[in-house]
Amino acid sequence: MKLYNTMSRKVEDFKPIEDHKVGMYCCGPTVYNFAHIGNLRTYVFEDILRRTLEKNGYKVKHVMNITDVGHLTGDGDDGEDKLEKRSRETGKSVWDIAAFYTEAFMKDTASLNIKRPTVICKATDHIKEMIDLVKSLEDGGHTYISGGNVYFSIDTIDDYGKLAKLNLDELKAGARISVDDNKRNPKDFVLWFTNGKFKDQVMVWPSPWGVGYPGWHIECSAMSMKYLGRHFDIHCGGIDAIPVHHTNEIAQSEAATGEKPWVNYWCHGEFLINDKGKMSKSSGEFLTLSVLVDHGYDPLDYRYFCLTGHYRSQLKFSYEALDHAKSARQSLNDKVASLKKEASPASSFSEKACGYRQEFFDAMSNDLHAPQALAVLWSMLKDEEVPDDQKLALLLDMDSILGLNLDKVEVKKEESIPQNVLDLVNERAEAKKNKDFKRSDEIRDRLASMGWSVKDTPQGPVVAKIL
Ligand code: AMP
Ligand code: ZN
């Protein structure tokens, strides 16, 4: 299997730390609002990655956090906690807000057929692990206290910014004014906020540095290492996490363990965009999955739409594009239904069928080329040399990665023929036997006006609903 690694900017052969096993950490949602469909694109990409790894024989431990504290509205430790802000705006408690939007997120991801992560960890349940990590950074001389907050000093390490390939000299020259005067270097970041910064913060915990709350970045380092160890295989997120969040996670994790690299493969999903650019919550208008459902789409139509773009390319949302995805998925479901009616999935395959299978999984295993894999699927379906039972088996196999629930597609039941239609058919047969063709034609027209066709065959008349 091959994966693009943001760290090297290259597609690399994937080699796990432990044979047949993969540890994968995905930055989860900040639960102060509904996820928008852009956020959900990133989780669909991570699900496709996990399924492709599993298909390649790896046992994947997939860890995802829920950020319910510490994520500020500004990336430079400025602004206020997103949950506290929402709480003030709505009059609801931060805990209620977190619980409500966590549930909404889990519902959205389940309806997109995203596999539930092996571990889902809430930041507020891991404050001790975060404090321990900050303590170890303090012991290693990587921190300073200023204005009551504990900061990570990026000048204590020699490779800060390597993921984003930040040019620190240029940045220093550009950043004349830091948003936070307490920082020695504008790129330093907060590990632990004390009460000093936001006096009315509700979510606070005692710590060696005073009552306060963790910075956003330390959450992901502490929780990923708790569940995946000091060194693990894959870390995912959206590309917006590269310059600050993931950069800071790497700095503090490698400083704490003293080992490099902390993570072997960094995988990032590109943005979903609309006419105005990146879909984002702060820009005001954003689309949620339930808005799409209200407009008559199935969440899996959106999943199919996500599969039509490569995860490292921007994908432009429009209802027209979603309509195409919807009708493609409908055709696929219809095809599966008719194949299921005619055949049971094959267990042995022709060379041709094996070729399609290979091509499909090669495309997915080559840095998740889903659009190419979909094209292979459609060619296979159109190929008359592949028998129906093999087509059905191949489709179900391919769907273990696509996740379009093809196994759940039901065969449409034949509509039962009403008695009055059957009576007319018999009357027509009788009229034909008596060579009363005028009457038999009349009855045929009557049946047609009722929506039924009748065809004479050597085995007798065959009745069918006119579609
Ligand atoms: P958040 O809940 O804001 O922390 O974001 C959750 C995930 O969605 C993160 O991995 C972001 O990088 C990602 N994300 C945010 N905006 C978009 C977008 N327009 N398209 C794709 N992913 C996004
Ligand atoms: Zn994170």
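Just above, that's the structure.
Now for a look at the structure at hand.

## Remarks on the site of ligand 1
At step 1: Close to ligand 1 lie 17 residues, the nearest being Gly-38, Thr-42, Asp-240, Leu-272 and Met-279.
At step 2: One of the backbone nitrogen or oxygen atoms of Gly-238 is found 3.1 Å away from an oxygen atom of ligand 1.
At step 3: In isolation ligand 1 offers 500 Å² of accessible surface; the protein chains occlude 92% of this area.
At step 4: Structurally, ligand 1 is housed in the largest pocket.
At step 5: Residue assignment for the shell around ligand 1 shows that the elements contributing at least two residues are helix H1 (37-55) and strand E10 (232-238).
At step 6: No other element matches the four residues that H1 contributes to the shell around ligand 1.
At step 7: Of the residues contributing to the shell around ligand 1, the split by class is five nonpolar, eight polar and four charged.
At step 8: Split by domain, the shell around ligand 1 shows at least three residues from each of two domains, domain 1 (16-269) and domain 2 (277-408).

## Considering the coordination of the zinc ion (ligand 2)
At step 1: Here the zinc ion (ligand 2) is held by the protein donor atoms Cys-27 (SG), Cys-220 (SG) and His-245 (NE2), which lie 2.1 to 2.2 Å from it.
At step 2: Read N to C, the donor residues that coordinate the zinc ion (ligand 2) are spaced as C-x192-C-x24-H. Highlighted residues: Cys-27 in the loop between strand E3 (21-26) and H1 and Cys-220 in helix H6 (residues 216-228), separated in sequence by 193 residues.
At step 3: Judged by its relative accessible area of 0%, Cys-220 is buried.

## Examining the nonpolar core
At step 1: Residues Leu-49, Leu-53, Ile-234 and Tyr-302 are the most contacted members of the largest nonpolar core, which totals 127 residues.
At step 2: Here this core takes eight residues from H1, the largest share from any one element.
At step 3: Lining this core are residues from two domains, each supplying at least three of them: domain 1 (16-269) and domain 2 (277-408).
At step 4: In this structure, Leu-424, Ile-443, Leu-447 and Trp-452 belong to the second largest nonpolar core, which totals eight residues.

## As for the pattern of salt bridges
At step 1: In the structure shown here, the tally under the stated rule is 31 salt bridges.
At step 2: One salt bridge connects Asp-158 with Lys-260, and the closest N-O pair in it is separated by 3.5 Å. Of this pair, Asp-158 sits in the loop between strand E7 (149-152) and helix H5 (168-174) while Lys-260 sits in the loop between helix H7 (242-257) and strand E11 (263-269), and the two are 102 residues apart along the sequence. Note on accessibility: Asp-158 and Lys-260 belong to one class, exposed.
At step 3: Salt bridges sharing partners connect three or more residues here, namely Asp-158, Asp-159, Lys-162, Glu-254 and Lys-260.

## Description of the environment of His-235
At step 1: With respect to the helices and strands, the residue His-235 is situated in strand E10.
At step 2: On the basis of relative accessible area, His-235 is assigned to the buried category, the value being 0%.
At step 3: For the pair His-235 and Asn-5, spaced 230 residues apart in sequence, the C-alpha separation works out to 9.9 Å.
At step 4: Beyond its immediate sequence surroundings of up to four residues, His-235 is in contact with Tyr-25, Cys-27, His-246, Glu-249, Trp-262, Val-263, Tyr-265, Trp-266 and Cys-267.
At step 5: Side chain to side chain, His-235 and Glu-249 meet in a polar contact 2.7 Å long.

## Re the sheet that holds strand E4 (residues 59-66)
At step 1: Reading across from one edge, E5-E4-E3-E10-E11 is the order of the five strands in this open sheet, with parallel pairing throughout. The sheet is open, and its two borders are formed by strand E5 (119-122) and E11, each paired with just one other strand. Neighbour-to-neighbour, the strand axes of the sheet open up by a mean angle of 20 degrees, direction not taken into account.
At step 2: When E3 meets E4, the two strands line up parallel, connected through six bridges.

## Quick look at the layout of surface pockets
At step 1: Here the largest pocket defines a volume of roughly 1000 Å³.
At step 2: As for the largest pocket, its lining consists of 43 residues, of which Asn-39, His-71, Lys-82, Asp-240 and Lys-278 are closest to the centre.
At step 3: A total of five residues in the lining of the largest pocket trace back to one element, the largest contributor, which is H1.
At step 4: Tallied by class, the residues present in the lining of the largest pocket amount to 16 nonpolar, 17 polar and ten charged.
At step 5: Split by domain, the residues of the lining of the largest pocket number at least three in each of domain 1 (16-269) and domain 2 (277-408).

## As for the pairing of E5
At step 1: Residues of E5 alternate between two faces, with Val-119 and Cys-121 buried on one and Ile-120 and Lys-122 left unburied on the opposite face.
At step 2: Of the pairings in the sheet, the one linking E4 to E5 comprises four bridges and is parallel in character. Paired with Ile-66 across the bridge in E5 is Lys-122.

## A few points about the packing of aromatic side chains
At step 1: Counting across every chain of the model gives 18 aromatic pairs.
At step 2: Linked through ring pairs, Tyr-297, Tyr-302, Phe-305, Phe-317 and Tyr-319 together constitute an aromatic cluster.
At step 3: The ring of Tyr-144 is capped by Arg-184, whose NZ or CZ atom sits 3.9 Å from the centre of that ring.
At step 4: Taking NZ or CZ as reference, Arg-312 lies 4.0 Å from the ring centre of Tyr-4, over its face.

## With respect to the environment of Tyr-144
At step 1: Of note, Tyr-144 is situated in strand E6 (residues 143-146).
At step 2: The class for Tyr-144 is buried, based on a relative accessible area of 5%.
At step 3: Separated by 47 residues in sequence, Tyr-144 and Leu-191 place their C-alpha atoms 9.9 Å apart.
At step 4: Setting aside residues no more than four positions away along its own chain, Tyr-144 makes contact with Asn-149, Val-150, Tyr-151, Phe-152, Ser-153, Asn-182, Lys-183, Arg-184, Asn-185 and Asp-188.
At step 5: Of the polar contacts made by the side chain of Tyr-144, one reaches the backbone nitrogen of Arg-184; its length is 2.8 Å.
At step 6: Of the polar contacts made by the side chain of Tyr-144, one reaches the side chain of Asp-188; its length is 2.6 Å.

Criteria and cut-off values
Residues numbered from 1 in each chain as written. Chains lettered and ligands numbered in written order. Predicted model: local features only at pLDDT ≥ 70, side-chain atom pairs only at ≥ 80, totals over all residues. Heavy atoms only, no water. Near = heavy atom within 4 Å. Polar contact = N/O pair within 3.5 Å; in protein donor to acceptor, adjacent residues only side chain to side chain. Areas by Shrake-Rupley, 256 points an atom, 1.4 Å probe, with all protein chains shown as cover. 1 Å grid on protein atoms, 1.4 Å probe; cavity = no way out; pocket = protein on both sides within 12 Å on 5 of 7 lines; lining within 4 Å. Sits in = over half its atoms within 2 Å of the grid points. Helix = DSSP H or I, 4+ residues; strand = E, 2+ residues; numbered from the N terminus. Nonpolar A, V, L, I, M, F, W, Y, C, P; charged D, E, K, R; others polar. Domains from an automatic or database assignment. Donors = N, O, S within 2.8 Å, 3.2 Å for Na, K, Ca; no water. Buried < 20%, exposed > 50% of the residue type's maximum accessible area, 1.4 Å probe, protein only. Core = buried A, V, L, I, M, F, W, Y, C linked by side-chain atoms within 4.5 Å. Salt bridge = Lys/Arg side-chain N within 4 Å of Asp/Glu carboxyl O. Contact = heavy atoms within 4.5 Å. Pairing = 2+ DSSP bridges. Axes fitted to C-alpha atoms, helices over the stretch in contact; angles between N-to-C directions. Points joined across faces, edges and corners; volume = space filled by probe spheres on them. Phe/Tyr/Trp six-rings, centres within 6.5 Å; stacked < 30°, edge-to-face > 60°. Lys NZ or Arg CZ within 6 Å of the ring centre and 35° of its normal.

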